[in-house]
Amino acid sequence: MASTVNERPGYGQLLRTPGAWTFLLPGFLARQPFAMLTIGILLLVNDTTGSYGTAGTVSATAGVAMALFAPQGGKLADRFGQSAVLIPGVIVHAAAISLLTVLALSDAPLWALLVAAVPAGASTPQIGPMVRARWAAKLDGSPLMSTAAAFESVTDEFTFVIGPVLATALCTGVHPAAGLVAEAVLTLAGGLLFASQRRTQPQASRGAAGAGAGERVSALSVPGVRVLAVVMLGIGTVFGGMQVSMTAFTKEMGEPGLNGLMYGAFAAGNMIAGIACGVIAWKLSPQRRLLLGFPLLVLATTPLWAAHHMVLLGALGMLVGLCIAPSLITGYTLVEKLVPAGARTEAFTWLTGAVGLGQAAGATVGGRLIDAHDASAGFLVPLGGTAVALLVLLAMRKALTPRSESVVAARGVGHREPVSVD
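What comes next concerns the included structure. (Residues numbered from 1 in each chain as written. Predicted model: local features only at pLDDT ≥ 70, side-chain atom pairs only at ≥ 80, totals over all residues. Heavy atoms only, no water.)

1. Here we look at the overall build of the protein
Line of reasoning, step 1. Secondary structure assignment for the protein yields 17 helices and two strands.
Line of reasoning, step 2. In the protein, buried positions account for 56% of the 422 residues.
Line of reasoning, step 3. Long-range contacts, defined here as pairs at least 24 residues apart, represent 85% of the contacts in the protein between residues at least 6 apart.
Line of reasoning, step 4. Total accessible area on the protein stands at roughly 17100 Å², and carbon and sulfur atoms take up 67% of it. (Helix = DSSP H or I, 4+ residues; strand = E, 2+ residues; numbered from the N terminus. Buried < 20%, exposed > 50% of the residue type's maximum accessible area, 1.4 Å probe, protein only. Contact = heavy atoms within 4.5 Å. Areas by Shrake-Rupley, 256 points an atom, 1.4 Å probe, with all protein chains shown as cover.)

What follows is the structure, given as structure tokens:
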């Protein structure tokens, strides 16, 4: 399945790409809030209302808004440039988070929290997709592109190690609202710093001379992107279900402060697998890797609901994390093959938004199950979400084959086009 590491460029060569560090460092700072938002809302609203179901609903509302509006922001970034979209976006986001925090601390009714959660989620800056689009612009056609996809997934998972732990520590050790306050500050500071790096942002497609119709097409019109969005939706239910269920589980065990550590073990497994995926020179195509790897994720989520000990749950959570990264990396790698350059930021935001939507759905359904039963019931959500996504993936797998490969396969080996002879 894989050859030796030395057969293709690795992380060292990737990080020596000219100009890479100018967007990597601010991008890393600016993407931290993405992992802090939903768990920060969950912990704050749960503290003020005492209900996991209510907290999950408010958190889910922000996630749904993010999933619906993020692709539109990606489309605007492709057309007008990332900085033009990001600067007003982070300002609106900081203001929306401030409003939601004040309402939650004022014991505002649920409808008010839901209304405030919409702009909070809708304005969440999609730094990860923007960084991926910058890599794609720099490495178009290079074998380093798959290494970049792995590197970005590792960075995302490192974010999911730090973000939830930081948010939980602030909410439980400082103040219930401290996690969201830190999220707003990091979004504003990191987003503005990232937006200032204009030299590395992809060229805006608006008015580009000679731009073909394929470059202006919506990313969602590509069948493979729709399939990948469903896959990411299933992965998102794992994130959402694990967050709310681990929060409830550690509280039931009388150790709420260990929530960040437990979720960190899950994210650490994700990060470790991501690093491994980046240093392996895969011989299997990305399509086949996804078809082989995603069923393993479904199997890994199966025993979660039966774990009744912290050590066992932590180990199972790490195993689930190990199975997530390969599917995430492969999905983002396929975008570079399936989508024209002028629509890639939008495509990346569709996938990231699908993860956020699945995360929101997982938190909502998991919260309701926990309120009705116990923490163990919430762990059924990752299993159900990934199982449904697997069915769609298997049924629509042909949509993941890039058109050029389909044409070659249809023609057969050794086929020759008729050529006129003078």
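2. Some remarks on a nonpolar patch on the surface
Line of reasoning, step 1. Taken together, the side chains of Val-64, Leu-68, Phe-69 and Val-118 present a nonpolar region at the surface, about 330 Å² in accessible area.
Line of reasoning, step 2. Among the elements that take part in the nonpolar patch, helix α3 (residues 52-80) stands out by supplying three residues, more than any other.
Line of reasoning, step 3. Here Phe-69 lies in helix α3. (Patch = residues over 30% accessible without salt bridge, like charges linked within 9 Å, V, L, I, M, F, W, Y side chains within 5 Å. Salt bridge = Lys/Arg side-chain N within 4 Å of Asp/Glu carboxyl O.)

3. Quick notes on the environment of Val-45
Line of reasoning, step 1. Within the secondary structure, Val-45 is located in helix α2 (residues 20-49).
Line of reasoning, step 2. Judged by its relative accessible area of 1%, Val-45 falls in the buried class.
Line of reasoning, step 3. Taking the C-alpha atoms as reference points, Val-45 and Leu-105, 60 residues apart in sequence, are found 8.5 Å from one another.
Line of reasoning, step 4. When sequence neighbours within four positions are dropped, the list of residues in contact with Val-45 reads Gly-50, Thr-54, Ala-55, Val-58 and Leu-113.

4. A look at the environment of Leu-42
Line of reasoning, step 1. Tracing the backbone shows Leu-42 in helix α2.
Line of reasoning, step 2. The sequence separation of Leu-42 and Ala-363 amounts to 321 residues, and the corresponding C-alpha distance is 8.8 Å.
Line of reasoning, step 3. If we ignore the near neighbours within four places in the chain, the residues touching Leu-42 are Ala-55, Gly-56, Gln-243, Val-244 and Thr-247.

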